[in-house]
Amino acid sequence: MTITNTTRILKTISLAALALALLAGASAADAQDREGRWEFTLGTFYQLGTTLDVEAPSTAETNNDFGFSLGSGYNFNDNLAANFGLQWAGVGYDAVVFPEEGNITSISGKYDAFTLSANVVYNFTDNQLTPYVGAGIGWTWIDTNIPDGAPSTGCWWDPWWGYVCYTTYPTKTASAFSYQATLGLRYTFDSDNTFLRLGYTSQWMDFDNTTSTPRFDVIALDFGWMF
């Protein structure tokens, strides 16, 4: 993604934050009853590119890309909550690899990342518009989509299409323990049942083949329901 496109997206996100503040308006001081309520969220996020310090002499860089998320949570009181989330993103990358035999090779591709997380969140006020902070842990699975073995083919009779064969390719996968810290703004609409949440999260993943713990920065926008 070009610098121009990234700048435009960041400007859009900044405008979304301003819109949250304007939505509060004169009712920003109205107290919200979150205590003892569950919530569910659907959202999208924008993951900023980063450089991975992999084992020398290989290098890898990820691109800026969008992803999607599902979440649930429980509000212990108007300030303290626990959130659980599932994130998916297809992230482009560029890498330079050094095979044991052969020449230096540059590769580009797209990997799929799935993250399950559990977080503790603190809302600073019980108003319609409140800043919040949070921290949590999780586990991330990555499918590099790079073939990692011989293909296998399975065939069967389909009642509509007849004799069908399908070939699959095993791919290189990895998983890692992850942990994150987040801050943002939350706005609850007048119905007291729906809300918007705009947050900035830094997430670290403890991969085996990196010389340091890579950090991924994520800007997320969630729409949620309380019940």
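Above this text is the structure in question.
Residues numbered from 1 in each chain as written. Predicted model: local features only at pLDDT ≥ 70, side-chain atom pairs only at ≥ 80, totals over all residues. Heavy atoms only, no water.

## Describing the side chain of D78
Moving on, step 1. Mapped onto the elements, D78 comes out in the loop between β4 (65-75) and β5 (80-97).
Moving on, step 2. Here D78 sits buried without a salt bridge, and the closest side chain of opposite charge, R34, lies 5.2 Å off (N-O distance).
Moving on, step 3. Of the polar contacts made by the side chain of D78, one reaches the backbone nitrogen of E35; its length is 3.1 Å.
Moving on, step 4. Beyond its immediate chain neighbours, meaning those up to four positions away, D78 contacts Q32, D33, R34, E35, N123, T125 and D126. (Helix = DSSP H or I, 4+ residues; strand = E, 2+ residues; numbered from the N terminus. Buried < 20%, exposed > 50% of the residue type's maximum accessible area, 1.4 Å probe, protein only. Lys, Arg positive; Asp, Glu negative; His and termini not counted. Salt bridge = Lys/Arg side-chain N within 4 Å of Asp/Glu carboxyl O. Polar contact = N/O pair within 3.5 Å; in protein donor to acceptor, adjacent residues only side chain to side chain. Contact = heavy atoms within 4.5 Å.)

## A look at the state of the cysteines
Moving on, step 1. The full count for this structure, using the stated rule, is one disulfide.
Moving on, step 2. At a sulfur-sulfur separation of 2.0 Å, the disulfide partner of C155 is C165. Its S-S torsion of about 110° marks the bond between C155 and C165 as right-handed, since a negative value means left-handed. Taken together, the residues span a long stretch of sequence, with C155 in strand β8 (residues 152-158) and C165 in strand β9 (residues 162-168) at a distance of ten residues.
Moving on, step 3. A relative accessible area of 37% means that C155 is categorised as partly exposed.
Moving on, step 4. On the basis of relative accessible area, C165 is assigned to the partly exposed category, the value being 43%. (Disulfide = S-S within 2.5 Å.)

## Some thoughts on the nonpolar core
Moving on, step 1. Within the largest apolar cluster, 16 residues are counted, with the highest numbers of intra-cluster contacts made by F45, Y111, I142, M205, F207 and F216.
Moving on, step 2. Elements with a minimum of two residues in this core: β5, β6 (105-123) and β12 (215-226).
Moving on, step 3. Ignoring any residue separated from it by four or fewer positions in sequence, one finds F216 in contact with Q47, T50, L52, T62, Y111, T201, S202, Q203, M205 and F207. (Core = buried A, V, L, I, M, F, W, Y, C linked by side-chain atoms within 4.5 Å.)

## Thoughts on the pattern of salt bridges
Moving on, step 1. In this structure the tally under the stated criterion is six salt bridges.
Moving on, step 2. Put simply, E39 and R186 hold a salt bridge, and the shortest N to O gap is 3.1 Å. With a gap of 147 residues between them, E39 in strand β1 (residues 38-47) and R186 in strand β10 (residues 171-188) connect regions that are remote in the sequence.
Moving on, step 3. In this structure, the salt-bridge partner of D217 is R215, at a minimum N-O distance of 2.9 Å.
Moving on, step 4. Counted as one network, the salt bridges with shared partners bring together E39, R186, R197 and D222.

## Here's the deal with the packing of aromatic side chains
Moving on, step 1. Going through the model one piece at a time under the given rule, you end up with twelve aromatic pairs.
Moving on, step 2. Aromatic pair F68 and W88: ring centres 6.3 Å apart, planes at 10°, arrangement stacked. One end of the pair, F68, is in strand β4; the other, W88, is in strand β5, and 20 residues separate them in sequence.
Moving on, step 3. On the basis of an interplanar angle of 85° and a centroid distance of 5.0 Å, the ring pair of F223 and W225 is categorised as edge-to-face.
Moving on, step 4. Above the ring of F195, the side-chain terminus of R186 is found at 3.8 Å from the ring centroid. (Phe/Tyr/Trp six-rings, centres within 6.5 Å; stacked < 30°, edge-to-face > 60°. Lys NZ or Arg CZ within 6 Å of the ring centre and 35° of its normal.)

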